[in-house]
Structures are given as C-alpha cells and as structure tokens.
Amino acid sequence: MGDPAIPSTTYQSAPGSSLGLNLPSTMSTTPLFLEPVTPSTHIERMISVGYQPSPSRTIYSDRFIPSRTGSNFALFDISPSANSPAEGREDGSGAYATLLRTALFGPDAGVFPPATPEKLLRLDGKNSSAYPTSRNIFRYKTETRRSMHSLSPFGFEDALPGVSHGPVKAPRKVPRSPYKVLDAPALQDDFYLNLVDWSAHNVLAVGLGNCVYLWNACSSKVTKLCDLGMDVSVCSVGWAQRGTHLAVGTSNGKLQDLSLLRGNNWMNWIHTIWDASRCKRVRTMEGHRLRIGALAWSSSMLSSGSRDKTILQRDIRAQDDFVNKLAGHKSEVCGLKWSYDNRELASGGNDNRLFVWNQHSTQPVLKYCEHTAAVKAIAWSPHLHGLLASGGGTADRCIRFWNTTTNSHLSCMDTGSQVCNLVWSKNVNELVSTHGYSQNQIIVWRYPTMSKLATLTGHTYRVLYLAISPDGQTIVTGAGDETLRFWNVFPSPKSQNTDSEIGASSLGRTQIR
C-alpha cells in the first residue's frame, strides 16, 4: 500500500484574522501554498539548481578533513617557507626544519605563497582555484623504480636543501672461477710447509720438490732459480719486503755435500738467501737442526721457524748466522708473521699455541692457548694496529681475532673446516681464508661482521698455500692437486669494480715448469 495522499492546504490572510499572516503593507496578499516535501526531493533540488549555502551560516559535517595549507608551522618552530629560514638560527637548522616539515606535511607543504588575484589567473585567462590542487589525490600512481642513489629517510626523491645525497653501494660481486690456472707438478701436500710467496715486484716464487721456480706475473715468464739435488726438498720460501731477495728454507734427510761440518756437529738443515734478479745465491745460514717450514721478513731481519721448536732471528747485515733464538713452542713452528710496523712477531705451532714476541724478547710476551689444533694461519690487519687473526687446524676449524695492544680475545668464527691460511686485504677491511678438510674451499670475509662475501671452490685437495699480489687485488692458491689458481677477490683502492690487471687477459691453463 502507498502512503495516503495529503491534500494541499490553502491559507488566506485577512485583516484582523488570528489565522492570517502579518505581512508588510507594501506586500500584496496572495495565497500561500505549502507542499509536502520529502528529503530526497529536497536533495535533488539542491543538486539541480546549484545550491549555494549562505556565507553567514556554518555548515557542520560528520567528518573532519584537515587542510594543511593553513597549518600553523610556528607551533613546530618551523619556518613557513623553505627559502626564508628563521632569523637567529644556526646554519644547519634550516635544513633540519625543511626535512622535518617534509616528513610531517609532505614534500609540497609550506612552499606555496598566498593566493593573489594576479596569481589566480591561468595562462588561458580563466580563474583557477585559490589553492593548488594535489596531483596525487584519488589518482592511481603506477609503481616506478626508485633511484638507488636516494638516501632520504622518508622516501622522497626530491632533493632537499642542505641534505647531502650519496650513492648506495651495491654488493660487490666476486668472480667464482679463477681467471688463470697453472700446473705445479710435485707441489707437496704438507700442512706445515709454506711453498708459495708473491714479491713486491710481481714475481711469484714456488717450491716444487727440490727446485724453486719464479713466475713473472707481467710476462708469464718462468725461471728456474735453483735445484737443491735429489735428496733435499724445499720447505719454505719468503720474499724480502723490497722484493729483490728470496729466502729458501730446506730439508735434508741424509748427510750430503750441502751439509757443513762445524766442530763435531753436522748441520743437515740449511737456510739460503738468493738474489732473484741475478739468480745467484748470496748467503747460506745455519742454526736449525730440523726442517725450516716458516719464514718471515722484517726489513733486514729474517725470522725462521723449524721443526726443532725454535725460532731464529737473523740479521742479514751481521756475519753471525743468527742474533737471537726464541724458545717457547713445544712442537714444530709452522706459522710466522711480522706486524706491519715491524714491532711484533706472531708465531703458531703444532702445539696449538699462538705466541707474540717483540723485537728484543727471547720469551713470548703474549700467549694464546684457545686453539685446539695446530696454528699455521696467521695474519696481521693492515687497517687496525694490534689486530691479529689466527686459524686452527682440523680439530679446531676456527678463526680467532686478538687485540695484542690490550691482550684480549675479540671474537671467534667456526668455519667448519681446517684453516690453512689467512690474509688481509690492504684495500678494504676484508680477509680471505683457505681451508682443507673437509671442504677445500676459499672464503672471502667482511670484517668485523664476518659475513661471507664469497665461497670459492675448484681445488680437489687441501688449499695449503696462499699469497696475495702486490696491488692487493689478486690471490693465488696452491693445493696438493698440483695446481695454482689465481682469483680476483679484492677491489682496487680507487674502485671496487676495477679488475686486476695482473694476468687478467691471460685466461686458460698453463704449466709453471
């Protein structure tokens, strides 16, 4: 059923009638008709006739939509314009105020001047709105790729005055394959030896059996430096810091012509120094009773570690074979490294000990006993004075960091396999480790987080030998699989994307002898 019809009612005024309307005398008296109006009809009429509310009336609604164009920036101690900083404020406060205003009110807040009749005219002569309309309101915005160089903490890509923007460094990619492989026949698979070293003149020295070979990284030329004979093998090689002299530690299982008689003692273990530029032996020094597996140079001082548990300090300027004997290890000395300032010598042994000596001590000044296996891998940081890294063997598998200045143990990282070698990059705060049982991998670490940048594989035996190029970008690794592999792992000092020029164009596999 529909609503009952309501008839129209007519009211007619009459003078003196109580039901009449009091109208001014100038207004004519006409019939007034009142029609019933529903709410929907009223709204339709307002829309159709362009209803405009009275300026004197205040319209209230059920929601409050703020307009930031009229915000009072003084409450936040923010200047109303980015180009007019408050007086008496420090230089840096203007940039801070701009950044804060952008974070609170958006990138376009507070930058529009007051509307004037002149500025309300558009180019076509028509009047525009008194306030600028936002281009993003109720408008679908397609997702765009943000610039990698934007460092705004609030996500605005517009540059802010006084705020510096720098490029975001992408993660560095380390090549997973060696760029060069050399065959190295007779490269011994012995954890306690050190048979590879790279000179400051870009020449690689390798001990192969009873011979020492030199490989020029610039020309790829191979030179045979010496042949010690059938019964003598090379146990260690080490370049002097200037790169002109090479020390060779040897072994001899029998009495040979190379042995020297001194009194009643036969010295079966000799130490020779060669002038590599002339392929000439300069000097032979004695003192150790067993093989020499570790060598370390410090200016004119040469340190040698032996299976006889001692370390001999040799001054090549003096006539004596050695000037000092360091005793402390209870087993073979297999790791030796001088600090970059030549003030401290770190030694590792098969007794699971890591010792630190100074220039004049005959007893270790620092002793670290946390490793549970032989300590061969030793490396001093070139970036922080007194920072020492050491790695343990198969039963330990850990890389430990020490502060020799404060005599403290800093951290420990379990690598999961035997740590054979460690070397720091001089270009960036990173280091590389080589490993043996059971994964035979090479790992590039970022210090101090010890996050892995890359894990390199390819050797089928323990990666027992490691050396770094003079430019600090390339490493060479050697293993019992009788191969030497060259890897570009570190960036150059100027660019982290520049490849090493050392042999980079010489791909493929060649033979070192």
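Residues numbered from 1 in each chain as written. Predicted model: local features only at pLDDT ≥ 70, side-chain atom pairs only at ≥ 80, totals over all residues. Heavy atoms only, no water.

**Quick word on the overall build of the chain**
Thought 1: The helix and strand tally for the chain stands at two helices and 33 strands.
Thought 2: Considering the chain as a whole, with its 513 residues, one finds that 42% of them fall into the buried category.
Thought 3: In the chain, 48% of the contacts between residues at least 6 apart in sequence involve partners at least 24 apart.
Thought 4: Approximately 29,800 Å² of the chain is accessible, and the part contributed by carbon and sulfur atoms is 52%. (Helix = DSSP H or I, 4+ residues; strand = E, 2+ residues; numbered from the N terminus. Buried < 20%, exposed > 50% of the residue type's maximum accessible area, 1.4 Å probe, protein only. Contact = heavy atoms within 4.5 Å. Areas by Shrake-Rupley, 256 points an atom, 1.4 Å probe, with all protein chains shown as cover.)

**Section: the nonpolar core**
Thought 1: By size, the foremost hydrophobic cluster in this structure holds 38 residues, and its most contacted members are L204, L246, L484 and F486.
Thought 2: Of all the secondary-structure elements, those providing two or more residues to this core are β4 (196–198), β5 (203–208), β6 (211–216), β7 (222–227), β8 (232–239), β9 (245–252), β30 (463–468) and β32 (483–488).
Thought 3: Of all hydrophobic cores here, the second largest spans 15 residues; its members include I442, L456, L466 and W487. (Core = buried A, V, L, I, M, F, W, Y, C linked by side-chain atoms within 4.5 Å.)

**Quick notes on the environment of P470**
Thought 1: If you trace the backbone, P470 turns up in the loop between β30 and β31 (474–479).
Thought 2: Measuring from C-alpha to C-alpha, the distance between P470 and V203 comes to 9.3 Å, with 267 residues separating the pair along the chain.
Thought 3: In this view, P470 contacts W198, S199, A200, N202 and K426; residues no more than four positions away in its chain are not counted.

**Considerations on the pattern of salt bridges**
Thought 1: Summed over all chains, the structure comprises eight salt bridges.
Thought 2: Of the charged contacts, one joins R291 and E332 as a salt bridge, the two residues approaching to 3.0 Å between their closest N and O atoms. Taken together, the residues R291 in the loop between β13 (280–285) and β14 (292–298) and E332 in the loop between β17 (324–327) and β18 (333–338) connect sequence positions 41 residues apart. The same class applies to R291 as to E332, namely buried.
Thought 3: A salt bridge links R307 to E332, with the nearest nitrogen and oxygen atoms 3.3 Å apart. (Salt bridge = Lys/Arg side-chain N within 4 Å of Asp/Glu carboxyl O.)

**Structural notes on the sheet that holds β4**
Thought 1: Here four strands make up an open sheet; going across it, the order is β4-β5-β6-β7 and the pairing antiparallel. A single partner strand is all that each edge strand has here, and the edge strands are β4 and β7. In this sheet, neighbouring strand axes are inclined to one another by 20° on average, regardless of whether the strands run parallel or antiparallel.
Thought 2: For β5 and β6, the ladder comprises six bridges, and the chain directions are antiparallel. Opposite V203, over in β6, you have N216 as the bridge partner. (Pairing = 2+ DSSP bridges. Axes fitted to C-alpha atoms, helices over the stretch in contact; angles between N-to-C directions.)

**A look at the state of the cysteines**
Thought 1: Inspection of every chain in the model, using the stated rule, returns zero disulfides.
Thought 2: Cysteine C211 shares no disulfide, and the gap to the nearest cysteine sulfur, in C226, comes to 7.0 Å.
Thought 3: Residue C211 is classed as buried on the basis of its relative accessible area of 4%.
Thought 4: Residue classification places C226 among the buried residues on the basis of a relative accessible area of 6%. (Disulfide = S-S within 2.5 Å.)

**Section: the environment of F486**
Thought 1: With respect to the secondary-structure elements, F486 resides in strand β32.
Thought 2: In this structure the C-alpha to C-alpha distance between F486 and I475, which are 11 residues apart in sequence, comes to 5.8 Å.
Thought 3: Not counting chain neighbours up to four residues away, the residues in contact with F486 comprise P178, Y179, K180, L182, W198, L204, W215, T474, I475 and V476.

**What to know about the environment of R314**
Thought 1: As for its position among the elements, R314 is in strand β16 (residues 310–315).
Thought 2: Using a relative accessible area of 0% as the deciding quantity, one classes R314 as buried.
Thought 3: Through-space distance from the C-alpha of R314 to that of S300 is 8.4 Å; in sequence the pair is 14 residues apart.
Thought 4: Here E286 takes part through its backbone oxygen, which lies 2.8 Å from a polar atom of the side chain of R314.
Thought 5: Here the side chain of R314 touches D321 through a polar contact of 3.1 Å, landing on its backbone oxygen. (Polar contact = N/O pair within 3.5 Å; in protein donor to acceptor, adjacent residues only side chain to side chain.)

**A look at the sheet that holds strand β23 (residues 387–392)**
For sheets, the rule is that strands pair by backbone hydrogen bonds, running either parallel or antiparallel.
Thought 1: With antiparallel pairing, four strands are arranged side by side in an open sheet as β22-β23-β24-β25. The strands lining the two open edges of the sheet, one partner per strand, are β22 (375–380) and β25 (408–414). The sheet shows a mean angle of 20° between the axes of neighbouring strands, direction not considered.
Thought 2: Where β22 lies against β23, five bridges are found, and the strand directions are antiparallel. Along β23, the bridge assignment pairs V375 with G392.

**Details of the pairing of β22**
Thought 1: Burial runs high along β22: six of the six residues are buried.
Thought 2: The hairpin formed by β22 and β23 contains six residues between the paired strands, and G386 there has a positive phi angle of roughly 85°.

**As for the packing of aromatic side chains**
Thought 1: Inspection of every chain in the model, using the stated rule, returns nine aromatic pairs.
Thought 2: Ring geometry for W215 against F486: centres 5.0 Å apart, planes inclined by 45°, an arrangement best described as tilted. Here W215 is found in strand β6, whereas its partner F486 is found in strand β32, with 271 residues between them in sequence.
Thought 3: With a relative accessible area of 3%, W215 lands in the buried category.
Thought 4: A ring pair is formed by F401 and W424, whose centres lie 6.2 Å apart and whose planes are at 70°; its orientation type is edge-to-face. Remark: W424 occurs in strand β26 (residues 419–424) and F401 occurs in strand β24 (residues 398–403); sequence separation between them is 23 residues.
Thought 5: For F401, a relative accessible area of 0% corresponds to the buried category.
Thought 6: A relative accessible area of 2% places W424 in the buried class. (Phe/Tyr/Trp six-rings, centres within 6.5 Å; stacked < 30°, edge-to-face > 60°.)

**Considerations on the side chain of H435**
Thought 1: Looking at the element boundaries, H435 is found in strand β27 (residues 430–435).
Thought 2: At a separation of 2.8 Å, a polar atom in the side chain of H435 contacts the side chain of S433.

**Describing the side chain of D481**
Thought 1: Relative to the helices and strands, D481 resides in the loop between β31 and β32.
Thought 2: Only 3.0 Å separates the side chain of D481 from the backbone nitrogen of T460, close enough to count as a polar contact.
Thought 3: Once residues lying within four places of it in the same chain are set aside, the contact partners of D481 are H459, T460 and Y461.

**Examining unusual backbone geometry**
Thought 1: For the bond from Y437 to S438, the omega torsion is 10°, close enough to zero to count as cis.
Thought 2: In this fold, S438 is placed in the loop between β27 and β28 (442–446).
Thought 3: Going from Y447 to P448, the amide bond is cis rather than trans, its omega being 10°.
Thought 4: Phi at N440 takes a positive value of approximately 55°, unusual for a residue other than glycine.
Thought 5: Within the element layout of this structure, N440 appears in the loop between β27 and β28.
Thought 6: Among the residues examined, N440 registers a relative accessible area of 13% and is labelled buried.

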